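Remarks on the overall topology
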Amino acid sequence: MISIVVPTFNEKGNINPLLERIDKALPGIDYEVIFVDDSNDDTPEVIKQATETNKHVVLHHRENEKGLATAVVKGFKLAKGDFVACMDADLQHPPEVLLDMYAAMLAHADMAIPSRLIPGGSDGGLDIIRKIISGSARYIAKIILPCLRPISDPTSGLFMVRRELLEDADLNPIGWKIMVEVISQCNVKKILETPYSFHDRESGESKISLKVSFEFIQQLFNLRFNGKNDGKNMKVARWSPSKLAEKKAKLTAE
Ligand SMILES: Nc1nc2c(ncn2[C@@H]2O[C@H](COP(=O)(O)OP(=O)(O)OP(=O)(O)O)[C@@H](O)[C@H]2O)c(=O)[nH]1
Ligand SMILES: [Mg+2]
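The structure reproduced in this document is the subject of the present report.

1. Description of a nonpolar patch on the surface
Judged by side-chain polarity, Ile128, Ile129, Ile132 and Ile133 come together as a nonpolar surface patch covering roughly 420 Å² of accessible area. Locating Ile133 in the fold gives a position in helix α5 (residues 128-144).

Structure, rendered in structure tokens:
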């Protein structure tokens, strides 16, 4: 089973389109979608309604608690699948990449990381300001944390990992970035990158802020001094678009 952890803060317009697309993306594959929700609008009601008709949906609502990364860690604890994915609710991470990541995990990856920045990937036409912000975040992250250097797109919130690797990891993320925490604190030896196209947000608002950037730097330094993975035993491989298509075709033919 795949457990898909989705942190939500005021995403009511995105929940049902997301669930429909996840269901189409994983034909015949067992999965659960765990929403860890800190919203102060109707989002939990929309998710609760979905739980009544969709057996794949799990809702964990937190009162008076916030924070994207801690929400994801909570989702990891609730996950029951062998593989655990993390994905934003706002459809910027197209749910169709779940099958790409699953194919990578079946090819014995410890962690699958879709990338906007390898051949076949795209950042979905981010404006120049967002490009600069996200490029700088990656650059700074790679300077501070050597284990991130071979990874092309290590600062998004989109990945899949073997659940057993999360079990003994000491995940204590502050703020926003959960993927760098997982790479640094889990014993990931084989990472597979697959190309994908990022999309613009269709509904709801961005929650990014200056505070988030400061917390990110603080998190990177914490991991530099306390992280378990120095990157020396880690291998990163990449699939081309044609290799990915071939692997997925095999998977859906089975
Ligand atoms: N549970 C929980 N989820 C959050 C919190 N903040 C953001 N999220 C969710 O985390 C995901 C990423 O947040 P976004 O605001 O889309 O961040 P972003 O993708 O970096 O920024 P944009 O590109 O502007 O959308 C979305 O699914 C949000 O709903 C929070 O405090 N708690
Ligand atoms: Mg977003």
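2. Notes on the environment of His61
For His61, the location among the structural elements is in strand β3 (residues 57-61). Here the alpha-carbon distance between His61 and Ala85, two residues 24 residues apart in the chain, equals 19 Å. Residues in contact with His61, not counting those within four places in the same chain, are Asp37, Asp38, Ser39 and Pro44. One polar contact links His61 to Asp37, side chain to side chain, over a distance of 2.7 Å. Side chain to side chain, His61 and Glu63 meet in a polar contact 3.2 Å long.

3. Concerning the pairing of strand β5 (residues 111-115)
When you tally the buried positions in β5, you get five out of five residues, the bulk of the element. In β5, alternate side chains face the same way, and those of Met111, Ile113 and Ser115 on one face and Ala112 and Pro114 on the other are all buried. Direction of pairing for β5 relative to strand β6 (residues 159-162): antiparallel, over a ladder of two bridges. By the bridge assignment for β6, Ala112 is matched with Met160.

4. Describing the sheet that holds β5
In spatial order, the strands read β3-β2-β1-β4-β6-β5-β7-β8; together these eight strands make up an open sheet with mixed pairing. Each edge of the sheet is formed by a strand with only one pairing partner; in this case those strands are β3 and β8 (235-238). Strand-to-strand twist in this sheet, taken as the mean axis angle between neighbours without regard to direction, amounts to 20°. Sheet topology places strand β7 (residues 190-195) next to β8; four bridges connect them, and they run parallel. Paired with Glu193 across the two strands is Arg238, which belongs to β8.

5. Here's the deal with the nonpolar core
By size, the foremost hydrophobic cluster in this structure holds 41 residues, and its most contacted members are Ile4, Leu26, Phe35, Leu98 and Met160. Taken together, the elements giving at least two residues each to this core come down to β1 (2-8), α1 (12-25), β2 (31-37), α2 (43-53), β4 (83-86), α4 (97-106) and α9 (241-253). The leading source of residues in this core is α4, at eight residues.

6. Here's the deal with α1
Owing to its 3.6 residues per turn, the α-helix brings residues three or four apart onto one side. If you check α1, its first and last C-alpha atoms are 21 Å apart, about what 14 residues at 1.5 Å a residue would give, namely 20 Å. Here α1 has its buried residues at Asn14, Ile15, Leu18, Leu19, Ile22 and Ala25. On its buried side, α1 packs onto β1, β2, α2, β3 and α4.

7. Comments concerning the pattern of salt bridges
Here the structure, examined in full by the defined rule, presents 12 salt bridges. Among the salt bridges present, the one from Arg21 reaches Glu96, with a minimum N-O distance of 2.8 Å. Of this pair, Arg21 sits in helix α1 while Glu96 is found in the loop between β4 and α4, placing the two residues 75 residues apart along the sequence. Among the residues examined, Glu96 registers a relative accessible area of 37% and is labelled partly exposed. The partner of Glu52 in a salt bridge is Lys48, with the nearest N and O atoms 3.9 Å apart.

How each quantity is defined
- Residues numbered from 1 in each chain as written.
- Chains lettered and ligands numbered in written order.
- Predicted model: local features only at pLDDT ≥ 70, side-chain atom pairs only at ≥ 80, totals over all residues.
- Heavy atoms only, no water.
- Patch = residues over 30% accessible without salt bridge, like charges linked within 9 Å, V, L, I, M, F, W, Y side chains within 5 Å.
- Areas by Shrake-Rupley, 256 points an atom, 1.4 Å probe, with all protein chains shown as cover.
- Salt bridge = Lys/Arg side-chain N within 4 Å of Asp/Glu carboxyl O.
- Helix = DSSP H or I, 4+ residues; strand = E, 2+ residues; numbered from the N terminus.
- Contact = heavy atoms within 4.5 Å.
- Polar contact = N/O pair within 3.5 Å; in protein donor to acceptor, adjacent residues only side chain to side chain.
- Buried < 20%, exposed > 50% of the residue type's maximum accessible area, 1.4 Å probe, protein only.
- Pairing = 2+ DSSP bridges.
- Axes fitted to C-alpha atoms, helices over the stretch in contact; angles between N-to-C directions.
- Core = buried A, V, L, I, M, F, W, Y, C linked by side-chain atoms within 4.5 Å.
- Expected span 1.5 Å × (residues − 1).

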